Amino acid sequence: MSQKILLDKINIPGIKTYEVYRQNGGYASVEKAIKTLTPDEVVEEVKTSGLRGRGGAGFPAGMKWSFIDKKSGKPRHLVCNADESEPGTFKDRYLMEFIPHLLIEGMITSSYALGANLSYIYIRGEYMWVYKILERAINEAKAAGFLGKNILGSGYDLELYVHCGAGAYICGEETALIESLEGKRGNPRIKPPFPAISGLWANPTVVNNVETIAAVPWIINNTGAEYAKIGIGRSTGTKLISASGHIKNPGVYEIELGLSVYEFMNSDEYLGGMSSDRPLKAFVPGGSSVPVLPAHLIYKTANGEDRLMSYESLSDGGFATGSMLGSGGFIVYNDTSCIVRNTWNFSRFYHHESCGQCSPCREGTGWMEKVLHRIENGHGREEDIDLLLSIQSKIEGNTICPLGDAAAWPVAAAIRHFREEFEYHIRFPEKIKNRDHFVAEPFEKVKHLVSKEMI
């Protein structure tokens with residue numbers, strides 16, 4: 001059994017309440033930090049831990065904290081990014097819904113480290129029931145003296161608020177989130193300046209993911225050095241994985257980074273293998289924005305090494321033969337799945353969610369959706385595949401924020417690894433009119449038709 005840091009107490013009856021959470025060691029990190037550590041010492045512990053941002057980018061959290069401007073004399077802010085909108089990802093909701101005080105404790109300890117006296121949790125608008133849970137937890141913590149004026153008699157003050165978004169995926173990007181929090185349209189800002197210098201209301205600001213902040217209490221209670229012992233290499237600690245698709249045991253899992261993909265996929269402790277006797281076809285390891293990988297690159301890297309659940313191993317080989325850990329949205333496909341349809345579905349999402357600020361993303365996401373829809377519905381043209389590659393290459397790297405990349409990467413990867421499936425859709429439109437075309441006749445059984453056409 002792997003070590004549990006975030007989910008070890010989640011099944012305790014009543015853990016949602018302050019009383020039960022406190023009885024089980026809750027808010028100990030706040031007491032330890034405020035009474036025995038300076039803010040800089042808390043930052044150093046997080047640096048030592050090697051904790052990396054769990055929202056997708058994987059940037060070292062302690063290093064990000066150290067960038068915050070302390071010389072200007074301006075107020076500082078910590079903003080928790082709870083705008084969990086990445087398709088395939090639902091881990092943050094699980095934490096907030098079932099053990100909300102863990103996030104509140106992490107926010108207090110982290111705000112103390114940053115010298116922030118006003119902090120926010122920005123939650124996606126669709127999580128209204130979770131918003132109410134967090135509001136209740138904040139009120140309980142405040143009544144117990146862990147929020148408000150003079151926390152634990154230390155002279156440190158902190159007010160914490162939950163702010164609801166309005167359902168925009170783009171507000172998961174930290175500067176768009178800040179714009180939205182200020183009451184503006186959620187458009188990403190040009191960087192620099194970075195939020196650590198000029199963020200919320202032009203004040204120094206750190207934006208971190210729910211899971212990242214929730215790991216801080218354990219680090220402070222047990223030291224950063226102990227946290228760094230968990231995991232592998234620069235992928236330290238544990239990671240929450242949102243697992244879905246054609247597997248026996250979908251759900252949220254906490255794993256030690258470095259676990260093999262094979263064990264995670266097939267052991268009864270985790271996903272339990274495929275949900276039926278249909279073979280594994282592909283998987284997306286980190287949410288809809290990361291490249292899809294075909295079956296032969298899932299358990300082994302291109303050079304034959306075991307593929308591990310870590311930042312480094314999942315990206316081994318670059319985008320040619322690797323992917324990314326991303327947000328941990330682990331989506332599994334068996335051979336009844338249509339990669340073309342799945343790619344079109346992702347593209348439809350990114351077209352809908354583009355803020356429209358950058359021309360390559362605003363126009364390109366719509367073009368990709370239209371071309372993919374054409375191919376999936378039997379009206380594709382031979383030149384469409386190269387057209388898709390051309391469009392995605394014009395989007396990638398040419399936008400203010402990473403949404404453009406997130407829209408481009410899945411298309412490029414799908415064509416890179418499953419080009420013959422796209423060709424099959426174009427050359428045999430009569431065979432793919434039924435949306436479940438690969439259920440009775442998986443692509444492996446008909447791919448020879450594509451080869452014959454090319455002869």
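Quantities reported herein were computed from a predicted structural model and do not represent experimental measurements.

Engineer: I would appreciate a short explanation of the overall build of the chain in the present structure.
Structural biologist: Secondary structure summary: the chain contains 19 helices and eleven strands in total. C-alpha atoms of the chain, sized along the principal axes, occupy 80 × 45 × 40 Å. The proportion of buried residues among the 455 residues of the chain is 57%. For the chain, the proportion of contacts with a sequence separation of at least 24, taken over those separated by at least 6, is 69%. Carbon and sulfur atoms provide 53% of the accessible area of the chain, an area that totals close to 18,100 Å².

Engineer: Would you mind going over the packing of helix H15 (residues 359-376) against helix H17 (residues 403-427) with me for this structure?
Structural biologist: Each pair of packed helices can be summarised by the angle the axes make with each other and by the distance between the axes. Their axes nearest at 12 Å, the elements H15 and H17 cross at an angle of 20°. Between H15 and H17, the crossing angle belongs to the class labelled roughly parallel. Considering how the two elements wind past one another, H15 and H17 form a crossing that is left-handed. Facing H15, whose interface residues are Cys361, Thr365, Met368, Leu372, Ile375 and Glu376, H17 presents Leu403, Gly404, Ala407, Ala408, Val411, Phe422, His425 and Ile426.

Engineer: Explain the side chain of threonine 89 here, please?
Structural biologist: Tracing the backbone shows threonine 89 in the loop between strand E1 (77-82) and helix H5 (91-98). The class of threonine 89 is buried, set by a relative accessible area of 9%. Separated by 2.8 Å, the side chains of threonine 89 and serine 327 make a polar contact. Contacts of threonine 89, omitting those with residues within four sequence positions, involve Glu84, Ser242, Gly287, Ser327 and Gly329.

Engineer: Quick question: what am I supposed to make of the sheet that holds strand E10 (residues 293-294) here?
Structural biologist: Neighbouring strands of a sheet are bound in pairs by backbone hydrogen bonds; such pairs are parallel or else antiparallel. Ordered in space as E8-E7-E11-E9-E10, the five strands form an open sheet in which the pairing is mixed. Strand pairing shows two members of the sheet lacking a second neighbour, strand E8 (251-256) and E10, which therefore form its edges. Bridge count between strand E9 (residues 280-284) and strand E11 (residues 329-334): four bridges; the pairing is antiparallel. Considered in E11, the bridge of leucine 280 is made with asparagine 334.

Engineer: How should the environment of asparagine 334 be read in this particular structure?
Structural biologist: Structurally, asparagine 334 is set in strand E11. Under the relative-accessibility criterion, asparagine 334 is labelled buried at 4%. Residues asparagine 334 and lysine 281 lie 53 residues apart in sequence; the distance between their C-alpha atoms is 4.8 Å.

Engineer: Explain H15 here, please?
Structural biologist: Because the α-helix completes a turn every 3.6 residues, residues three or four places apart line up on one side. Between its first and last C-alpha, H15 extends 26 Å over 18 residues, near the 26 Å set by a 1.5 Å rise per residue. Within H15 the residues assigned to the buried category are Cys361, Gly364, Thr365, Gly366, Met368, Glu369, Val371, Leu372, Ile375 and Glu376. Glycine 378 lies just past H15 and shows a positive phi near 85°.

Engineer: Looking at this structure, how should I read the packing of aromatic side chains?
Structural biologist: We describe a pair of aromatic rings using the distance from one ring centre to the other and the angle between the two ring planes. Overall, the coordinates contain 25 aromatic pairs when judged by the stated rule. Aromatic pair tyrosine 21 and tyrosine 27: ring centres 5.4 Å apart, planes at 85°, arrangement edge-to-face. Like tyrosine 27, tyrosine 21 is buried. Here the basic side chain of arginine 52 rests over the ring of tyrosine 311, its NZ or CZ set 4.1 Å away from the ring centre. A cation sits over an aromatic face here: arginine 348 above tryptophan 344, 4.8 Å from the ring centre.

Engineer: Help me understand the pattern of salt bridges in this model?
Structural biologist: Oppositely charged side chains can form a pair if their charged atoms are brought close together. The full count for this structure, using the stated rule, is 32 salt bridges. The residue lysine 64 makes a salt bridge to glutamate 174 at a minimum N-O spacing of 3.3 Å. Of the two residues, lysine 64 sits in helix H4 (residues 61-66) while glutamate 174 sits in helix H8 (residues 174-181), which places them 110 residues apart along the sequence. Of the residues examined, lysine 64 reaches a relative accessible area of 22% and is grouped as partly exposed. A salt bridge links glutamate 312 to arginine 234; the shortest N-O distance between them is 3.5 Å. On the criterion of sequence distance, the pair formed by glutamate 312 in helix H12 (residues 311-314) and arginine 234 in the loop between strand E5 (231-232) and strand E6 (235-236) is long-range, its members being 78 residues apart. A relative accessible area of 27% places glutamate 312 in the partly exposed class. For arginine 234, a relative accessible area of 58% gives the class exposed.

Engineer: For this particular structure, what's the right way to read the nonpolar core?
Structural biologist: Note that soluble globular proteins tend to have their nonpolar side chains buried in a common cluster. Counting residues in each nonpolar core, the largest one holds 62 residues, and the members touching the most others are Ile104 and Ile121. Other than its neighbours up to four places away in sequence, isoleucine 121 contacts Cys80, Ala82, Leu103, Ile104, Met107, Leu134, Leu160, Tyr161, Val162 and His163.

Engineer: Please clarify how unusual backbone geometry should be interpreted in this entry.
Structural biologist: Note: most residues except glycine have negative phi, and most peptide bonds are trans. Lysine 191 connects to proline 192 through a cis peptide bond whose omega is 0°. Here alanine 202, not a glycine, exhibits a phi torsion of approximately 65°, which is positive. Topologically, alanine 202 is positioned in the loop between H8 and strand E4 (205-209). Given the relative accessible area of 33%, alanine 202 is considered partly exposed. One non-glycine residue, threonine 223, lies in positive phi territory at about 80°. Along the chain, the position of threonine 223 falls in the loop between helix H9 (210-222) and helix H10 (224-228).

Engineer: In this structure, what is going on with the environment of tyrosine 131? I would like to understand it.
Structural biologist: Positionally, tyrosine 131 belongs in helix H7 (residues 128-143). Tyrosine 131 sits in the partly exposed class, given a relative accessible area of 21%. Separated by 35 residues in sequence, tyrosine 131 and methionine 96 place their C-alpha atoms 8.7 Å apart. Contact partners of tyrosine 131, with chain neighbours within four places excluded, come to Ile123, Val162 and Cys164.

Procedures and definitions
- Residues numbered from 1 in each chain as written.
- Predicted model: local features only at pLDDT ≥ 70, side-chain atom pairs only at ≥ 80, totals over all residues.
- Heavy atoms only, no water.
- Helix = DSSP H or I, 4+ residues; strand = E, 2+ residues; numbered from the N terminus.
- Buried < 20%, exposed > 50% of the residue type's maximum accessible area, 1.4 Å probe, protein only.
- Contact = heavy atoms within 4.5 Å.
- Areas by Shrake-Rupley, 256 points an atom, 1.4 Å probe, with all protein chains shown as cover.
- Axes fitted to C-alpha atoms, helices over the stretch in contact; angles between N-to-C directions.
- Parallel < 35°, antiparallel > 145°, perpendicular 65-115°, else oblique.
- Left-handed = near helix turned anticlockwise from the far one by under 90°.
- Polar contact = N/O pair within 3.5 Å; in protein donor to acceptor, adjacent residues only side chain to side chain.
- Pairing = 2+ DSSP bridges.
- Expected span 1.5 Å × (residues − 1).
- Phe/Tyr/Trp six-rings, centres within 6.5 Å; stacked < 30°, edge-to-face > 60°.
- Lys NZ or Arg CZ within 6 Å of the ring centre and 35° of its normal.
- Salt bridge = Lys/Arg side-chain N within 4 Å of Asp/Glu carboxyl O.
- Core = buried A, V, L, I, M, F, W, Y, C linked by side-chain atoms within 4.5 Å.

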